[in-house]
Protein chains: 2
Amino acid sequence: MRLVVPVSGSDPKTRLASVLSPDERRDFTEAMLRDVVDAVRAAGHEPEVISTAPLDCAAPITIDDRGLDPLVNSLLASTVTDGEGALAVLMADLPLVTPESIERLLAPDAGVVLAPGLGGGTNAFVCRHPEFRVDYHGGSIRDHRRIAREVEADVAEVDSRRLATDIDEPGDLAEVLLHSDGAAAGWLGRAGFEVTTSSGRVESRRSQ
Amino acid sequence: MRLVVPVSGSDPKTRLASVLSPDERRDFTEAMLRDVVDAVRAAGHEPEVISTAPLDCAAPITIDDRGLDPLVNSLLASTVTDGEGALAVLMADLPLVTPESIERLLAPDAGVVLAPGLGGGTNAFVCRHPEFRVDYHGGSIRDHRRIAREVEADVAEVDSRRLATDIDEPGDLAEVLLHSDGAAAGWLGRAGFEVTTSSGRVESRRSQ
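Here is what the cut-offs are and how they apply
Residues numbered from 1 in each chain as written. Chains lettered and ligands numbered in written order. Predicted model: local features only at pLDDT ≥ 70, side-chain atom pairs only at ≥ 80, totals over all residues. Heavy atoms only, no water. Helix = DSSP H or I, 4+ residues; strand = E, 2+ residues; numbered from the N terminus. Rg over C-alpha atoms; globule rule 2.2 N^0.38 Å. Buried < 20%, exposed > 50% of the residue type's maximum accessible area, 1.4 Å probe, protein only. Contact = heavy atoms within 4.5 Å. Areas by Shrake-Rupley, 256 points an atom, 1.4 Å probe, with all protein chains shown as cover. Axes fitted to C-alpha atoms, helices over the stretch in contact; angles between N-to-C directions. Parallel < 35°, antiparallel > 145°, perpendicular 65-115°, else oblique. Pairing = 2+ DSSP bridges. Core = buried A, V, L, I, M, F, W, Y, C linked by side-chain atoms within 4.5 Å. Salt bridge = Lys/Arg side-chain N within 4 Å of Asp/Glu carboxyl O. Buried area = accessible area lost by both parts, 1.4 Å probe. Least-squares fit on C-alpha atoms with pLDDT ≥ 70 in both.

**Q** Can you lay out the overall build of chain A for me, pointing to particular residues and giving the numbers?
**A** Each helix and strand in chain A was counted, giving seven helices and nine strands. The C-alpha atoms of chain A give 17 Å as radius of gyration, which agrees with the globular expectation for 208 residues (17 Å, within 12%). C-alpha extents for chain A along the principal axes are approximately 55 × 35 × 30 Å. Sorting the 208 residues of chain A into buried and exposed places 59% on the buried side. Partitioning the contacts of chain A with sequence separation of at least 6, the portion at a separation of at least 24 is 59%. In the structure as shown, chain A presents an accessible area of about 8400 Å², 46% of it carried by carbon and sulfur atoms.

**Q** Could you give an account of the packing of helix α1 (residues 22-42) of chain A against helix α7 (residues 183-190) of chain A, naming the residues involved and the relevant values?
**A** Describing two packed helices takes the angle between their axes plus the distance from one axis to the other. Residues and elements named next belong to chain A. It is at 7 Å that the axes of α1 and α7 come closest, and there the two elements cross at 150°. Taken together, the axis directions place α1 and α7 in an arrangement best described as roughly antiparallel. Along the contact surface, α1 presents Glu 24, Asp 27, Phe 28, Ala 31, Met 32, Arg 34 and Asp 35, while α7 presents Ala 183, Ala 184, Trp 187 and Leu 188.

**Q** An account of the sheet that holds strand β3 (residues 61-63) of chain B is needed here, citing residue identities and associated values.
**A** Residue and element names in this part refer to chain B. Strand order in the open sheet made by the seven strands is β3-β2-β1-β4-β6-β5-β7, with mixed pairing throughout. Of all strands in the sheet, those bounded by a partner on one side alone are β3 and β7 (155-157). Averaged over neighbouring strand pairs, the angle between their axes works out to 20° when direction is ignored. In terms of strand pairing, strand β5 (residues 112-116) meets β7 through three bridges, oriented parallel. From the neighbouring strand, Leu 114 faces β7, where its bridge partner is Glu 157. Of the strands in this sheet, β5, β6 (122-127) and β7 are in contact with helix α4 (residues 140-150), which crosses β5 at around 165°.

**Q** Any chance you could break down unusual backbone geometry for me, citing the residues and the numbers?
**A** Non-glycine residue Asp 11 of chain A carries a positive phi angle of around 50°. Secondary-structure assignment places Asp 11 of chain A in the loop between β1 (2-7) and α1. One non-glycine residue, Lys 13 of chain B, lies in positive phi territory at about 55°. Within the secondary structure layout, Lys 13 of chain B lies in the loop between β1 (2-7) and α1 (22-42). The class for Lys 13 of chain B is buried, based on a relative accessible area of 18%.

**Q** Describe the sheet that holds strand β6 (residues 122-127) of chain A, and please don't skip the residues or the numbers.
**A** Residues and elements named next belong to chain A. Strand order in this open sheet of seven strands is β3-β2-β1-β4-β6-β5-β7, and the pairing throughout is mixed. The two strands at the open ends of the sheet, each matched to only one other strand, are β3 (61-63) and β7 (155-157). Sheet twist, expressed as the mean angle between neighbouring strand axes with direction ignored, is 20°. Of the strand pairs in this sheet, strand β5 (residues 112-116) and β6 are connected by five bridges, and their pairing is antiparallel. Within β6, the position partnered with Ala 115 by the bridge is Ala 124. Along the sheet, helix α3 (residues 99-106) contacts β1, β4 (87-90), β5 and β6; its crossing angle with β6, the most-contacted strand, is approximately 50°.

**Q** Could you give an account of the nonpolar core, with specific residues and numbers?
**A** Judged by nonpolar contacts, the single largest core of 72 residues is most densely connected at Leu 33, Leu 76, Leu 90, Leu 105, Phe 125 and Phe 132 of chain A together with Phe 28 of chain B. The contacts of Leu 90 of chain A, once residues within four sequence positions are left out, are Leu 3, Val 4, Val 5, Pro 6, Val 36, Val 40, Ile 102, Leu 105, Asn 123, Ala 124 and Leu 163 of chain A. In this structure, Ala 183 of chain A together with Val 89, Ile 102 and Ala 156 of chain B belong to the second largest nonpolar core, which totals 71 residues.

**Q** How would you explain the pattern of salt bridges if you had to name every residue and give the values?
**A** Residues and elements named next belong to chain A. Counted under the stated rule, the structure contains 26 salt bridges over all chains. Between Arg 2 and Glu 48 there is a salt bridge, and its shortest N-O distance comes to 2.8 Å. Of the two residues, Arg 2 is situated in strand β1 and Glu 48 in strand β2 (residues 47-51); the sequence distance between them amounts to 46 residues. The exposure class of Glu 48 is partly exposed, given its relative accessible area of 30%.

**Q** Requested: an account of the interface of chain A and chain B, with residues and values cited.
**A** On the side of chain B, 31 residues touch chain A, which itself brings 31 residues to the contact. Carbon and sulfur atoms supply 46% of the area that chain A and chain B bury against each other, a total of about 2700 Å² over both sides. On the chain A side of the contact with chain B, Asp 159, Arg 161 and Arg 201 of chain A bury the most area, a combined 28% of that side's loss. Linking chain A with chain B are two salt bridges, by the criterion used here. The residue Asp 159 of chain B makes a salt bridge to Arg 104 of chain A at a minimum N-O spacing of 3.5 Å.

**Q** So what's going on with the relation of the copies chain A and chain B? Residues and values would help.
**A** Overlaying chain A on chain B yields an RMSD of 0.0 Å, the required transformation being a rotation through 180° with an accompanying axial translation of 0.0 Å. Considering both components of the superposition, the chain copies are consistent with a two-fold axis. The fraction of interface residues of chain A whose copies in chain B are also interface residues reaches 100%, indicating that both copies meet through the same surface.

Dropping the structure here:
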């Protein structure tokens, strides 16, 4: 099983620009990546990190500035051939992942295993079917279900909140503080973020 | 295992008021409740629905207008005694739940099993410990972890996106349309909601 973690290293996490400076967004991206790499290794796999620009990372990192679709589709074409090879792709902005959630992603013996993200994304997948390709534009989970159906792959979906929680927007930061004690949570704490409870869902607030 | 589904039947889902009329919020609440009841039964359990006001429901329904904390704490006190009894509480606004996600909630043999909701809530739990009590005010998952620790219960958490996705706000409706074909999804479709993909996460839009 080849396991790839793609990450955007050039001006990452622009939707966090209202609460983090460009340098902070890069540091936070590196902290989230560290959590993902640590969880993958604790699950017994060695991740290949592929970034659009240099980033600080404890795992081997390859620079490739193609967009996500051409990158992943090229990896699929070279890794998964008829009856052989399997590729897992796990996004780098999933600091809630644990070894257990990664094991659950890798467990089903299906042609395509999808881990939906909140808001219609596809946060991780495993492919053993030679014809499956990705299309990460808006609402990708529906496209990936359709593409898998078109190539007649058997599909499994992993029901994991930890795999579903990608961190893109200020409203997502509270999830990191609530459910992780890893590198990203530590970074947020040192940057002054804390959980606030007013009414309804909790939020995060920056105090300094 | 006693399995209770509490529901607010009086002016429910006020945070959806910007997109649904009061009558529609009641109808949608009933549709979500139907999905939860169907999933619980398909998992081999019979739910007890406890509502603050009359609602249309296929399961036996009890009217109890106490707040959620006194209601659930009274159920805990009467159901779970030293070494005997178990109570599962599952919220009614979880239309993505499946028999499998309910089985995962009920599987761990722990004193307290927690299913976190997005935004720091506690969407479901199972209790076998006589001293555990609930406090559903903002950010309840942290309080429930703390309370379980204080009474020295062993705690398990269920990592389920389906149990985590409670439907409270307009931004949540897309999750129902993306990941369910049950009663609530059907209701939203008939009411004119559809998934829209612009940039970032998908949203739902009402066309009529």
